Each structure stands twice: as structure tokens, then as C-alpha cells.
Amino acid sequence: MTPLGAVFRPQLAPERLRTVCDVAEGAGLEELWLWEDCFSEGGISTAAAALAWTERVRVGVGLLPVPLRNVAITAMEAASLHRMFPGRAILAVGHGVQDWMGQVGARVESPVTLLREHLLALRALLGGERVTVDGRYVKLDDVALDWPPHTPRSGVLAGATGPRSLRLSGEAADGTLLTAATNADGVRRARQLVEEGRAAAGREAGPHPLVVYLLTATATGPDAAARLRAELVAEGLASVPDLGIAGDAKAVADAVQRLVEAGADSVVLQPTADEPDPEGFVRFTAEEVRPLVP
């Protein structure tokens, strides 16, 4: 079956996370995704809490902005999660929002170069390698993790939108995370670009999962269509056709299936920022939409 998840958005206070985790576990949600948005909530800290408060739910962080993070710290934290909660942590890294990176003095001249260097070093460290690299941004001198993950090459996803970043994800990441600004046609284009990157790097063999966020306003809340439209307008996406979905479980499941048919391997339902019932949204995803998605 197509894995299905839901997002806990950082517009919610951190202390709200435990209740959402309880509902996710009880309802049988497969994946709960968290964001490391400036200046809201830390990705690793919230992921560790969510993993500790649940026993079965997989917890994704989408994504960790690499300009904010020394790659050794990213590797140490990722490895700790993988060892403490085997098979349940999903981590994605990416450029981050450039305006935010500028606010904290972390904006770089070449985000693609930084992401490439970070991905290659991070995957090597998580694979148990001893790494020395003198890149433009990433510099490591004989670094190896004392406690690498038990499973070699624990997957690292790259969040990507533009053509260069999507090709890079195919070249250097283990999977790709696409934002909710991606419709079915965008998924097809992304898959093509990722495959071009994989071919260029000689990595055609093996899976490369494509995870896609789907902006969703459910019929469980008031004025679903209006809330969806307002968020698309606020994000400058109102002119993008067939983006997001507002409606009941059948309408949402059909939208998920369109993304799957376009090339998505898993879909994560992203509530609007003003979702009135986050716990209800998680329950709706797990109990009403999940049975309708093959």
C-alpha cells in the first residue's frame, strides 16, 4: 500500500505535539511529519519526543536546513534517532528558506554546492565511514561516528524544488521530498529530473522514494474550500492548477491517488495553517482516508 502520513505544523505550540502523537498512535497513522521552520520548533528535538511518545508511528522531519547545521551534528543526531528508534525515523535535509538563512547569517553563495557536500558527507558518516573532506562549505578531518546506525546507509532524503536540486537529489540522496506546491504534473517532472540525476551518477539500481506533501482542507472543519483557497493565495500558488484538495475522505483519497499515479511513492497530508482540529485531522487521515488508498 502507498504510505500515508500527516503533518504536525509548527504553527501549533510544541506542547500540543504530545496530544497529536497520542491520537496518531491510537488511530493507526503510519507517518507523522514535523518541520524545522525558523523560528518555530527544532526538528530533531520534536522528532525525538514524538518517537518516544509513540511505539509504532514513523516520524519524519521535512526538513533540516543544511545552512543551519554542521554536518557532523546532523549525523550524530540522525544516528542517535536511528539507533534508539530503529526503522522509525525519516530525515530530510534541504536548502531552507533563503530569507530565513539570511536572517541568521547562514545564507551561502551556492546552496546547491552546500547541499551536495552535506548530502555526500552525511550519507558517508551514517554509513559508518571515516570521512575527510575539504569542500567549499563542508570540511571534515578524519571524522567517524562512534555510534553509526545499525542499518548501513540509513536513508537521507533531500527536499528539492528546482531542476538543479532535483537532479542533485537523484545523484546524492536516498529519496526526495516535494513540497505541497507540487501538483501531479510537477511530480512527473520531478521524477524525470531525479532519474536524470541518478543516471548521471550511475545510481539507477535500487529504489529512490518520492515523498509528496498534499495541502488538505478536510470536511471535518468549517469552510474547507475557503481555507484551502486562502492558503494558496497567501503562498502565491493560487494560479497553479490542481493544487491541494478540500473535501471528504473520498475526495482526498482520489487526490492522493492522482499523485501516486504521477510517480509519488508516499503522500503526506498537510493541513492548512489554520486547521481548527489538528487531532481530528490526524484521525481523519488514518481512519477515513487510509482505507480508501490502495
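Structure: see above.
Residues numbered from 1 in each chain as written. Predicted model: local features only at pLDDT ≥ 70, side-chain atom pairs only at ≥ 80, totals over all residues. Heavy atoms only, no water.

Draft legend 1. View of the overall build of the chain. Check the secondary structure of the chain and you find ten helices and eleven strands. A compact globule built from 294 residues would reach a C-alpha radius of gyration of about 19 Å, and the chain, at 18 Å, matches this within 12%. The principal-axis extents of the C-alpha atoms in the chain amount to approximately 55 × 40 × 40 Å. The burial tally for the chain puts 55% of its 294 residues in the buried class. For the chain, long-range pairs separated by at least 24 residues make up 74% of all intrachain contacts whose partners lie at least 6 apart in sequence. (Helix = DSSP H or I, 4+ residues; strand = E, 2+ residues; numbered from the N terminus. Rg over C-alpha atoms; globule rule 2.2 N^0.38 Å. Buried < 20%, exposed > 50% of the residue type's maximum accessible area, 1.4 Å probe, protein only. Contact = heavy atoms within 4.5 Å.)

Draft legend 2. Highlighting the packing of helix α1 (residues 17-27) against helix α10 (residues 278-289). Running from amino to carboxyl end, α1 crosses α10 at an angle of 20 degrees, the nearest separation of the two axes being 9 Å. Regarding the angle of α1 to α10, the classification is roughly parallel. In terms of crossing hand, the pair formed by α1 and α10 is right-handed. Facing α1, whose interface residues are T19, V20, V23, A24 and A27, α10 presents P278, E279, V282, R283, A286 and E287. (Axes fitted to C-alpha atoms, helices over the stretch in contact; angles between N-to-C directions. Parallel < 35°, antiparallel > 145°, perpendicular 65-115°, else oblique. Left-handed = near helix turned anticlockwise from the far one by under 90°.)

Draft legend 3. Spatial organisation of helix α2 (residues 43-53). When we look at burial in α2, the residues that qualify are G43, I44, T46, A47, A50 and L51. Across the axial projection of α2, the buried residues extend over an arc of 165 degrees, all falling on one side. In α2, the exposed residues that point more than 90 degrees away from the buried face are S45 and A52. Contacts from the buried residues of α2 go to α1, β2 (31-34), β3 (58-65), α3 (71-84) and β4 (89-94). (Arc of directions from axis to C-beta.)

Draft legend 4. The arrangement of the side chain of R88 in detail. Examined against the element boundaries, R88 turns out to sit in the loop between α3 and β4. Here L51 takes part through its backbone oxygen, which lies 3.3 Å from a polar atom of the side chain of R88. In terms of polar contacts, R88 uses its side chain to reach the side chain of T54, at 2.5 Å. Contacts of R88, omitting those with residues within four sequence positions, involve A50, L51, T54, E55, R56, V57, R58 and V59. (Polar contact = N/O pair within 3.5 Å; in protein donor to acceptor, adjacent residues only side chain to side chain.)

Draft legend 5. Spatial organisation of the environment of M84. Note on placement: M84 falls in helix α3. The exposed category is assigned to M84, whose relative accessible area is 54%. For M84 and A48, which are 36 residues apart along the polypeptide, the C-alpha to C-alpha distance reads 9.2 Å.

Draft legend 6. Expanded view of a nonpolar patch on the surface. A grouping of F39, L68 and V104 is seen on the molecular surface, where their side chains present a nonpolar patch of about 270 Å² in accessible area. Tracing the backbone shows L68 in the loop between β3 and α3. For L68, a relative accessible area of 37% gives the class partly exposed. (Patch = residues over 30% accessible without salt bridge, like charges linked within 9 Å, V, L, I, M, F, W, Y side chains within 5 Å. Areas by Shrake-Rupley, 256 points an atom, 1.4 Å probe, with all protein chains shown as cover. Salt bridge = Lys/Arg side-chain N within 4 Å of Asp/Glu carboxyl O.)

Draft legend 7. Spotlight on empty space enclosed by the protein. If you walk through the whole model with that rule in mind, you get two cavities of 30 Å³ or more. The calculated volume of the largest cavity comes to roughly 90 Å³. Around the largest cavity, the lining residues are V7, F8, R9, L12, V20, P271, T272, A273, E275, P278, F281 and V282. Where the lining of the largest cavity is concerned, the elements lending two or more residues are β1 (4-8) and α10. (1 Å grid on protein atoms, 1.4 Å probe; cavity = no way out; pocket = protein on both sides within 12 Å on 5 of 7 lines; lining within 4 Å. Points joined across faces, edges and corners; volume = space filled by probe spheres on them.)

Draft legend 8. Expanded view of the pattern of salt bridges. All told, the structure shown has 21 salt bridges when counted by the stated rule. A salt bridge links R107 to D99, with the shortest nitrogen-to-oxygen separation between them at 3.8 Å. By relative accessible area, which is 49% here, R107 ends up partly exposed. Using a relative accessible area of 56% as the deciding quantity, one classes D99 as exposed. The shortest N-O distance in the salt bridge between R136 and E109 comes to 3.0 Å. Placement of R136 in the loop between β5 (131-134) and β6 (139-143) and of E109 in the loop between α4 (98-103) and α5 (111-126) is noted, with a sequence separation of 27 residues between them. Overall, the relative accessible area of 70% leaves E109 in the exposed class.

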